[in-house]
Amino acid sequence: MEANGGGEGLEDELAMVMDLEEALTMAQQHGWISPDAQLGWIPAVARRNGPDNVAAYNASMGNPALYLALLCLPAQEIARCRRVCRVWRDIISTDAFRRHHHDHHFRTPMPLFFFLDPTLASLNLRAVDIRNRVDRPVIRFARPSNHEVFRVHGSCAGILLLSSGLRLYACNPCTRRWARLPQLHVNHDIIGFYVIPGPGGDFECNVLYHDRMWPDCAYWIFTLGTAASVRKCIDRPGPDDDDDLDLVLANGIVPSYKIPPVFFRGFLHWPPNASQDNTNALMFDINAEAFSSIPPPSIQVGVPVVGRQLFEIDDERLAMTVISFSPARVHVWVLRDDNAELWSRRYSILVPVDEINVNNSCHHNGSVFAVAQGRNALVQCPRVLLQCDAQGAVLQSYRPQLADHWTALSGHTIQESLLLHPSILPMRETDAVDGDPPFF
C-alpha cells in the first residue's frame, strides 16, 4: 500500500504533528493505516514525558508525539507504515523503537484460530484482537499437493513454533524472520516452547519435548540458535520422590499442538488431563528444569473437578476454567496462594447456547476459550467463531470468507513483537527453498 502524494514531500506535514490523535488522524486520512486502527493504551510515563530515554528521543527524529503514535499501533500496521516515507521508516527501523514497541504490546496476547479449507488446499491462521474485536491474518498460504499436516506447537515472545509435514520451523510473523529446526516433532512429542530472559533484552529460546518411549519417556530441551544444536536431558522426579507424578511423566505429557501449556511466573503449566489419569495441574520450572504438580480447585470439599484451560488473569494470577452444564457456564478459578495451593472462584461466563445451536454446534471441552481481557470468551462453532462477554452476549463474530470453510481454535495465543533476534531467526523471506511453506 502506497501513501498518497509521495514520500519525502510529506516530511514538513509530519513535522507539524503535535499530539497523538493528530498523528493517528493524519495517517488514517492518507490511507497509510487501516481506518479502524486505534492508539490503544499509552503508559502514564509516556503521556507525561514523551519517550522515556535518550535513545527513544533520538529515534523519534525530534517528533516524540509521532513516535508515541507509531508505538501504539499493532505490528501489522507498523509494517505498512514503513512504506509511508523515509522519516517513518527510519523511526520504525531503530532498535530503540523495536524494543519500546515490544515492551508496550508484549502483555497483550491474542488467541490464534484457523479458517480451515475442507479440501486442505490452503491454510489461514488468524489472531483475535479481543480489545478491538477484529481478527488479523497471521499466516496464510496454499498447501503443497501432498497436503502436509500443519501444526502449531508453541508460541512465545512473538515467535511461533510450527511444523509442516516432516519440517519444523520457528518464525515471527511480524518481522518475517524464520529458522529451520531439527525434526523434534518426528518420533517425539513437543510439549512446550518458552524463553529465558537474558542480559540486554536478549533471551534463550527453548523447546521442551519427550521421546514417546512409553511407559518410560525421557524429556529433553533443545535451545534455538545454538550452533552445536545443544540438547539437554531432563530428569524425572522418580517414584521415590513422587510416584503419581513420575507415572504421569513416564507415560508422556500430551503434545502441545493438542493441549498447549501456559507460561506463568517462570513455570510452564498444563491443565489436568483425564485421559492420562491425571487430576493435577502439571508444572515445569524453566530455571530449575524440574517438574511438579498442584491440585485443581474443588467445587465441594474433597471433590476435585477437571479443569479445561489455564491462562494468566489481569492481576497476574494463574486462572483455570471449569466447565459446567445446566446452565452451560465456564467458571474461572484463580490460584490465590501459590504455596498453599488455594483456589477461589473469580467469575463465571455464561455460554451463549442459543447462538451455538443456531450455528449447528455443541458445547464441549474445546469449544470455549476464556481470555482475561474484559472477561470475554471465544466460542467455536463449525463456521463461525463467537466472541462473547461474561453474560453470554455475543460481541463479535468471525466468519471465513468462503462459506464451506470451518473455524477451529488452536488453544495458543500470540504476542506481537518487532524484535529481530537474528541469532534465533536468521532467515528472511527470500531464503525459502522448495518445500518450505511461504509463511507470509
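Residues numbered from 1 in each chain as written. Predicted model: local features only at pLDDT ≥ 70, side-chain atom pairs only at ≥ 80, totals over all residues. Heavy atoms only, no water.

### Things to note about the overall build of the protein chain
Part 1: Helices and strands together make up the secondary structure of the protein chain, namely 10 helices and 26 strands.
Part 2: The long-range share in the protein chain, meaning contacts at least 24 apart out of those at least 6 apart in sequence, stands at 51%.
Part 3: As displayed, the protein chain has an accessible area near 20,500 Å², and 50% of this comes from carbon and sulfur atoms. (Helix = DSSP H or I, 4+ residues; strand = E, 2+ residues; numbered from the N terminus. Contact = heavy atoms within 4.5 Å. Areas by Shrake-Rupley, 256 points an atom, 1.4 Å probe, with all protein chains shown as cover.)

### Brief notes about the layout of surface pockets
Part 1: Roughly 800 Å³ of internal volume is contained in the second largest pocket.
Part 2: Around the second largest pocket, the lining comprises 30 residues; the ones closest to its centre are Ala79, Pro173, Cys174, Thr175 and Arg176.
Part 3: Where the lining of the second largest pocket is concerned, the elements lending two or more residues are helix 6 (75-81) and strand 3 (134-142).
Part 4: Considering only residue class, the lining of the second largest pocket consists of 16 nonpolar, 3 polar and 11 charged. (1 Å grid on protein atoms, 1.4 Å probe; cavity = no way out; pocket = protein on both sides within 12 Å on 5 of 7 lines; lining within 4 Å. Points joined across faces, edges and corners; volume = space filled by probe spheres on them. Nonpolar A, V, L, I, M, F, W, Y, C, P; charged D, E, K, R; others polar.)

### Observations regarding the packing of aromatic side chains
Part 1: What the rule picks out here adds up to 8 aromatic pairs.
Part 2: Residues Phe113 and Tyr398 carry aromatic rings whose centres are separated by 6.4 Å and whose planes lie at 45° to one another, so their mutual orientation is tilted. Pair noted here: Phe113 is in strand 1 (residues 110-116) and Tyr398 is in strand 25 (residues 394-398), with a separation of 285 residues, a long-range link.
Part 3: The class of Tyr398 is buried, set by a relative accessible area of 3%.
Part 4: Each ring, one from Tyr169 and one from Trp178, has its centre 5.8 Å from the other, and the planes form 55°; the classification is tilted. Residue Tyr169 shares its accessibility class with Trp178, and that shared class is buried.
Part 5: An aromatic cluster of at least three residues, connected via ring pairs, comprises Tyr194, Tyr219, Trp270, Phe284 and Phe291.
Part 6: The cationic tip of Arg383 hangs over the ring face of Trp406; the distance from NZ or CZ to the ring centre is 4.4 Å. (Phe/Tyr/Trp six-rings, centres within 6.5 Å; stacked < 30°, edge-to-face > 60°. Buried < 20%, exposed > 50% of the residue type's maximum accessible area, 1.4 Å probe, protein only. Lys NZ or Arg CZ within 6 Å of the ring centre and 35° of its normal.)

### Comments concerning the pattern of salt bridges
Part 1: Applying the stated rule across the entire model yields 7 salt bridges.
Part 2: Put simply, Arg126 and Asp135 hold a salt bridge, and the shortest N to O gap is 2.7 Å.
Part 3: When its relative accessible area of 13% is taken as the criterion, Arg126 is described as buried.
Part 4: By relative accessible area, Asp135 is classed as partly exposed at 24%.
Part 5: A salt bridge links Glu289 to Lys232; its shortest N-O distance comes to 3.3 Å. On the criterion of sequence distance, the pair formed by Glu289 in the loop between strand 14 (281-285) and strand 15 (290-294) and Lys232 in strand 11 (residues 231-234) is long-range, its members being 57 residues apart. (Salt bridge = Lys/Arg side-chain N within 4 Å of Asp/Glu carboxyl O.)

### Regarding the sheet that holds strand 13 (residues 267-270)
Part 1: Strand order in the open sheet made by the 4 strands is 12-13-14-15, with antiparallel pairing throughout. Single-partner strands in this sheet number two, and they are strand 12 (262-264) and strand 15. Direction aside, neighbouring strands of the sheet carry axes that sit 30° apart on average.
Part 2: Pairing between strand 13 and strand 14: 4 bridges, direction antiparallel. Bridging across to strand 14, Phe267 finds its partner in Asp285.
Part 3: Strands strand 14 and strand 15 of the sheet are contacted by helix 9 (residues 243-250), whose axis makes an angle of about 115° with strand 15. (Pairing = 2+ DSSP bridges. Axes fitted to C-alpha atoms, helices over the stretch in contact; angles between N-to-C directions.)

### Structural notes on the sheet that holds strand 10 (residues 219-223)
Part 1: Across the sheet, 4 strands lie side by side as 8-9-10-11; this open sheet has antiparallel pairing. Two strands close off the open sheet at either side, each with one partner strand: strand 8 (189-197) and strand 11. Put simply, the sheet's adjacent strands are angled 25° from each other on average, direction ignored.
Part 2: Bridge count for strand 8 against strand 9 (residues 203-210) is 8 bridges, and the pairing is antiparallel. Across the sheet, the residue bridging to Tyr194 is Asn206, located in strand 9.

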